[in-house]
Amino acid sequence: MPLRVGEKDFQTRVNRGLEDAFMRGTVRSAQEQLRTRKQASSEELGDWEAWRTLGEEIRTHTLEHLDYYLEQLSDKVAERGGHVYFAKTAEEGNAYVRQVAREKEAKKIVKSKSMVTEEMSLNDALESDGLEVVETDLGEYILQVDDHDPPSHIVAPSLHKNRAQIKDVFADKKGYENSDNANDITRFVRGELREEFLDADIGITGCNFAVAESGTISLVTNEGNGDLVTALPKTQISVMSMERIVPTWEELDVMVSLLCRSAVGQKLTSYITALTGPKSEDEIDGPEDFHLVIVDNGRSDILGTQFQSALHCIRCAACVNVCPVYRHVGGHAYGSIYNGPIGAVLTPLLDGYEDNKDLPYASSLCAACTEACPVNIPLHEHLIAHRQIITEKENLGPMPEKWAMKMFGTGASAPKLYRLGSKQAHRVMRPWTKGSRISNGPGPLKAWTNFRDLPAPSSERFRDWFAKRRRSNSDE
Amino acid sequence: MSRGTIQGREDFLNLISEKIGRPRSEHVERPEWQAQPQWDVFADENTDQLLERFKAQCDNIHTKVVETNADGLREAVAETIGGYESESVIMWDDDRLERAGLDEGFRSQMHTLGVETFVWDTLKGEDSIEFAERAGVGITYSDMTLAESGTVVLLNSPEKGRLVNLLPENYIAVIPRSSIVPRMTQATRRIHERVQNGEDIPSQIHFVSGPSNSADIEMSLVVGVHGPVRATYIILGDV
């Protein structure tokens, strides 16, 4: 499955999402559950803001010295007998994994969830060599069995499917005969996958964080599939995107703590697995051969740009879980394996603007994502920056948007003009205003007002109202 | 152990430093982080208080807690195995389990009760893995225990197999009271110190918090997707 998935046209994907009442219901309740759990568990930690500051500081430092830490990591992995391959592109990464599979004369591969291998379409590459590739994360397995349905959420990939649909998938494809109860389905999958683990020649994993000082890769899961993928097959290949690294074990603690809380509201997930090299000679479980594939695939182009902090992302989906746009359109509308606000920021960076120019507009710029991010990525600012680039440099945006961004750019950078502009806004928007609402806005407002009314600019600006209020307070 | 290979590194890292806009980083000092809130969590709590936290957290992670002392351990383990209605048990080849009472005598008691026991055996290779696959219960000892998250930290080794706590349907962790620390921070510092001192760390370190679970079907929590379905922590008071 490549980075881009599903229907090509953004509006078609959005409409499909809006029409799917079930999906919208589950997305809403999932967002609420995950957000509430995150809030409760981050409050327990005490000073959540201090944790975010620390998370941001660690990510910034590590990215700024990424070459050093990757060098240290690869040396340590090699010292422990593991093999490291640096892949500039998806093709290079895939070719290396295929080569290992050929050398091992492998037939079956079990995988634990990995976003970067999805981005690389690794499964397709391996399947074209006649290998059987089995995803073992329950959500990913459901999608794979259902003819490779794309994921719709970063942490909960099969969120858009209900129990009855999942039951039908297994009944059709795997001869499942029990109820649509989640426990019954899980029990069935446990049995199916247990056989796959025991048969597999190679285990492929992602990497939540690599620890540079010791050459360790870590996996954060609740199911324990990552553990079986790495303990049973004789060969293990871990694929990491190059930015998923921390200097030492002490930072691993901080990043894992932020990840578990932000992703699922847990203090720690059921399993955090830290693997250093292949098994030692007298160990009887664990891989005999360990390979680490470190993947760039467009990430280095983000370094040194205004978007560098997008690489701080730890894939917790906290931004997804608070996003009002995601809530309405669902994950498939983004047409990318990275969805929600981080997907709208990251996808154009990795895949270019041409096919993804709508994504930065799939945001209300309410900044809830920025607020939610455990490592302080200014997501909504990145979305604005994307829009500016799209309208100004790439010449891809619609005319009214270009005009609006230019006005906003000039206006926001010059206080006098901004004051004038915001005083004029009410007058300018009058033709489209009914009462206090705009229901059929022009240009960039049109897509929004197709679905809901927008409050019209007030005839009294907030700044004026606030100044007036402050004056009257001080009079009292 | 022979050194592994590294391919494609120079070009890859040169490109990174070029994009960042400076020469390759030769040496980097890890900075003193400005905020370090992780050290404040439960910092002033004693072992009793931490144990109370640990037990409360175990409710959240669907894990049963039994408290006992050296004299009661055998019985507590036997009762748990009985409760799971299991007929076979695999355990780490760990002196600490032996000394705590899960020794030859215990195993022959189990045998009398019709429960087959097996100690992870590096000389028996595949047999150990096959036994783990069909065993009803796996038993390990906790190297470090995290109060905040209800976690046992398992430092694996040849005698302490990775699959013992993963393959059987039920999991028992024997937890010495003295192994408890506030949170992951203290455990990772110990590992960090080992690395700093030039010591090798285990090829797998496993942080385990309760049974395997998933919320991938309609966000409803189900237990035992891949790993154990049930877990019991037996806290062993210090002698």
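The shown structure was predicted, so the numbers you read here are calculated from the model rather than taken from an experiment.

Can you break down the overall build of chain B residue by residue, with the values?
Scanning chain B from terminus to terminus reveals seven helices and 13 strands. Counting only C-alpha atoms, chain B reaches 70 × 45 × 45 Å along its principal axes. Every one of the 239 residues in chain B was classed for burial, and the buried ones make up 58%. For chain B, restricting intrachain contacts to residue pairs at least 6 apart in sequence, the fraction spanning at least 24 positions comes to 77%. With the model as given, the accessible surface of chain B reaches about 10300 Å², and the carbon-plus-sulfur share is 43%.

A description of the overall build of chain A should follow, citing residues and the corresponding values.
Across its full length, chain A holds 21 helices and 13 strands. Taking all 476 residues of chain A together, the buried fraction comes to 60%. Considering only contacts within chain A whose residues lie at least 6 apart along the sequence, 73% involve residues at least 24 apart. Total accessible area on chain A stands at roughly 18300 Å², and carbon and sulfur atoms take up 49% of it.

Tell me about the confidence of the model for chain B, and please be specific about residues and values.
With 100% of its residues at a pLDDT of at least 70, chain B reaches an overall mean of 96. The ipTM value of the predicted complex is 0.97, and its pTM value is 0.89.

Tell me about the UniProt feature "domain: LUD" (unreviewed entry) in chain B, and name the residues and values.
According to UniProt, the "domain: LUD" (unreviewed entry) feature falls on residues 51-236 of chain B. End-to-end, the C-alpha atoms of residues 51-236 of chain B are 11 Å apart, and along that stretch the chain is 31% helix and 28% strand.

Before we move on, could you go through the pairing of strand E9 (residues 271-276) of chain A and cite the residues and values that matter?
Where burial is concerned, most of E9(A) is hidden: six out of the six residues are buried. Residue alternation in E9(A) divides its side chains into two sets, A:Tyr271, A:Thr273 and A:Leu275 and A:Ile272, A:Ala274 and A:Thr276, and both sets are buried. As paired strands, strand E6 (residues 216-221) of chain A and E9(A) are joined by six bridges and run antiparallel to one another. Opposite A:Val220, over in E9(A), you have A:Ile272 as the bridge partner. Sheet topology note: the E9(A)/strand E10 (residues 204-208) of chain B ladder contains five bridges and is antiparallel. Counted as the bridge partner of A:Tyr271 is B:Val208 from E10(B).

Describe in detail the UniProt feature "binding site: [4Fe-4S] cluster 1" (unreviewed entry) in chain A, supporting the description with residues and values.
Residues and elements named next belong to chain A. In the UniProt entry, the feature "binding site: [4Fe-4S] cluster 1" (unreviewed entry) is given for Cys313, Cys316, Cys319 and Cys373. In terms of the greatest pairwise C-alpha distance, the residues named above, spread along 61 residues, form a tight cluster of at most 10.3 Å across. One can find Cys319 in helix H13 (residues 318-322). Residue classification places Cys319 among the buried positions, given a relative accessible area of 6%. Other than its neighbours up to four places away in sequence, Cys319 contacts Pro341, Ile342, Cys369, Ala372 and Leu379. Residue placement: Cys373 occurs in the loop between helix H16 (368-372) and helix H17 (379-392). For Cys373, the residues in contact, after removing those within four places along its chain, are Arg52 and Leu379.

Requested: an account of the sheet that holds strand E3 (residues 88-91) of chain B, with residues and values cited.
All names here are of chain B. Strands sit in the order E2-E13-E8-E5-E3-E4 across an open sheet of six strands; the sheet is parallel. Of all the strands in the sheet, just strand E2 (63-68) and strand E4 (116-119) have a single pairing partner and so form its edges. On average, each strand axis in the sheet is inclined to that of its neighbour by 20 degrees, with strand direction left out of account. Bridging between E2 and strand E13 (residues 230-236) involves six bridges; their strand directions are parallel. Considered in E13, the bridge of Val66 is made with Ile234.

Explain the packing of helix H8 (residues 138-145) of chain A against helix H9 (residues 163-174) of chain A to me, and be specific about the residues and the numbers.
Residues and elements named next belong to chain A. Orientation of H8 relative to H9, taken along the N-to-C sense of each, is 55 degrees, at an axis distance of 10 Å. It follows from the interaxial angle that H8 and H9 lie oblique. Considering how the two elements wind past one another, H8 and H9 form a crossing that is left-handed. In this structure, H8 contributes Tyr141, Ile142 and Val145 to the contact, and H9 contributes Ile166, Val169, Phe170, Lys173 and Lys174.

Which residues make up the state of the cysteines, and what values do they have?
Simply put, disulfide is the name for a covalent bond between the sulfur atoms of two cysteines. All names here are of chain A. All told, the structure shown has zero disulfides over all chains when counted by the stated rule. For Cys260, which is in no disulfide, the shortest distance to another cysteine sulfur is to Cys316 and amounts to 10 Å. Residue classification places Cys260 among the buried positions, given a relative accessible area of 1%. Looking at Cys319, it has no disulfide partner, and the nearest cysteine sulfur is the one in Cys369, 6.4 Å off.

Kindly report on the UniProt feature "binding site: [4Fe-4S] cluster 2" (unreviewed entry) in chain A, identifying the contributing residues and their values.
All names here are of chain A. Per the UniProt record, the feature "binding site: [4Fe-4S] cluster 2" (unreviewed entry) sits at Cys323, Cys366 and Cys369. Spanning 47 residues, the named residues nonetheless gather at one spot, since no C-alpha pair among them exceeds 8.6 Å. Structurally, Cys323 can be placed in the loop between H13 and helix H14 (324-329). The class of Cys323 is buried, set by a relative accessible area of 6%.

Give me the lowdown on a negative patch on the surface, citing residues and values where you can.
A surface patch of negative charge is lined by A:Glu281, A:Asp282, B:Asp93, B:Asp95 and B:Glu159. Structurally, the position occupied by B:Asp95 is in helix H4 (residues 95-99).

Give me the nonpolar core: which residues, what numbers.
In this structure, A:Leu70, A:Leu73, A:Phe170, A:Trp249, A:Ile294, B:Ile139 and B:Phe207 are the most contacted members of the largest nonpolar core, which totals 194 residues. Ranked by the residues each element gives to this core, the list is headed by helix H12 (residues 249-264) of chain A, at ten residues.

Any chance you could break down the packing of aromatic side chains for me, citing the residues and the numbers?
Centre distance and the angle of the planes are the two values used to describe a pair of aromatic rings. Residue and element names in this part refer to chain A. Enumeration according to the criterion identifies nine aromatic pairs over all chains in this entry. With 4.4 Å between their ring centres and 10 degrees between their planes, Tyr85 and Tyr96 make a pair best called stacked. In this pair, Tyr85 is assigned in strand E1 (residues 83-87) and Tyr96 in helix H5 (residues 90-103), connecting sequence segments eleven residues apart. As far as the burial class goes, Tyr85 and Tyr96 line up, both buried. Consider the rings of Tyr141 and Phe170, whose centres lie 5.7 Å apart with planes at 25 degrees: the pair is stacked.

Describe the sheet that holds strand E4 (residues 202-205) of chain A, naming the residues involved and giving the relevant values.
Taken in spatial order, the seven strands line up as E3(A)-E2(A)-E4(A)-E7(A)-E10(A)-E1(A)-E1(B) in an open sheet, and their pairing is parallel. Both edges of this open sheet fall to strand E3 (132-135) of chain A together with strand E1 (6-7) of chain B, since each of them pairs with a single strand only. Set on the sheet, H5(A) makes contact with E1, E4, strand E7 (235-241) and strand E10 (289-295) of chain A together with E1 of chain B; between it and E1(A) the angle comes to about 150 degrees.

An account of the interface of chain B and chain A is needed here, citing residue identities and associated values.
Across the boundary between the two partners, chain B contributes 95 residues, which contact 109 residues of chain A. Taken over both partners, the interface formed by chain B and chain A buries close to 8500 Å², and the fraction arising from carbon and sulfur atoms is 57%. The tally of links between chain B and chain A comes to 17 salt bridges. When the shortest N-O distance is used, the salt bridge between B:Lys19 and A:Asp301 registers 2.8 Å. At the junction of chain B with chain A, the criterion picks out 54 residue pairs in polar contact (both at pLDDT 80 or more). Among the secondary structure elements, those contributing two or more residues to the side of chain B that touches chain A are E1, helix H1 (9-20), helix H2 (47-60), helix H6 (125-134), helix H7 (184-196), E10, strand E11 (213-214) and strand E12 (222-223) of chain B. Broken down by element, the side of chain B that touches chain A gets its largest block of residues, nine residues, from H1(B).

I'd like a rundown of the side chain of B:Arg183, residues and numbers included.
Position of B:Arg183 among the secondary structure elements: in the loop between strand E9 (180-181) and H7. Within the structure, B:Arg183 has its side chain in polar contact with the side chain of A:Asp253 (distance 3.0 Å). Here the side chain of B:Arg183 touches B:Glu148 through a polar contact of 3.0 Å, side chain to side chain. Not counting chain neighbours up to four residues away, the residues in contact with B:Arg183 comprise A:Leu45, A:Trp51, A:Asp253, A:Ser257, A:Arg261, B:Gln38, B:Val41, B:Leu146 and B:Glu148.

Analysis parameters
- Starting from 1, residues in each chain are numbered consecutively following that chain's sequence as written.
- Starting at A for chains and at 1 for ligands, labels are handed out in the order in which the entities are written.
- For this predicted model, a pLDDT threshold of at least 70 governs which residues receive local features, and a threshold of 80 or more governs which side-chain atom pairs are given and counted, while totals over whole chains, interfaces and linings are taken from all residues.
- Calculated side-chain values reflect all of the structure's heavy atoms, with hydrogen atoms and water omitted.
- Working definition: helices are DSSP H or I runs of at least four residues, strands are E runs of at least two. Numbering for both runs from the N terminus.
- Working definition: with a 1.4 Å probe on protein chains only, accessible area under 20% of the residue-type maximum means buried, over 50% means exposed, and in between means partly exposed.
- Contact criterion: two residues are considered in contact whenever any of their non-hydrogen atoms come within 4.5 Å of each other.
- Here the open area of atoms and residues is found with the Shrake-Rupley method and a 1.4 Å probe, where only the protein chains shown may cover a residue.
- Along the chain, pLDDT gives the predictor's confidence residue by residue, from 0 to 100.
- UniProt positions are given in the numbering used here, feature names are shortened, and annotations may be inferred rather than shown by experiment.
- Two strands are counted as paired when DSSP detects at least two bridges linking them.
- Between N-to-C directions, angles span 0 to 180 degrees; the directions come from axes that are lines fitted to C-alpha atoms, helices contributing only their stretch in contact.
- Angles below 35 degrees are treated as roughly parallel, those above 145 as roughly antiparallel, those between 65 and 115 as roughly perpendicular, and all remaining angles as oblique.
- Handedness of each helix crossing follows the sense of rotation of the near helix against the far helix: counterclockwise by less than a right angle gives left-handed, clockwise gives right-handed.
- Note on disulfides: each one is a pair of cysteine sulfur atoms within 2.5 Å.
- Exposure above 30% relative accessible area and the absence of a salt bridge qualify a residue for a patch, where like charges join within 9 Å and nonpolar side chains (Val, Leu, Ile, Met, Phe, Trp, Tyr) within 5 Å.
- Salt bridges are defined as contacts in which a side-chain nitrogen from Lys or Arg sits within 4 Å of a carboxyl oxygen from Asp or Glu.
- Here the positive residues are Lys and Arg and the negative ones are Asp and Glu; neither His nor the chain ends is included.
- By convention, the point assigned to a charge is CZ for Arg, NZ for Lys, CD for Glu and CG for Asp.
- Nonpolar core, defined: a set of buried Ala, Val, Leu, Ile, Met, Phe, Trp, Tyr and Cys residues in which side-chain atoms within 4.5 Å join the residues together.
- Classification of ring pairs rests on two measures: the distance between centres of Phe, Tyr or Trp rings, Trp counted by its six-membered ring, which must be within 6.5 Å, and the angle between planes, read as stacked under 30 degrees, edge-to-face over 60 and tilted in between.
- Reported buried area values correspond to the accessible surface (1.4 Å probe) lost by two parts on association, with both partners' losses combined.
- Counted as a polar contact is a pair of N or O atoms within 3.5 Å, where, for protein atoms, one must be capable of donating a hydrogen and the other of accepting one, and residues adjacent in sequence contribute only when both atoms are in side chains.

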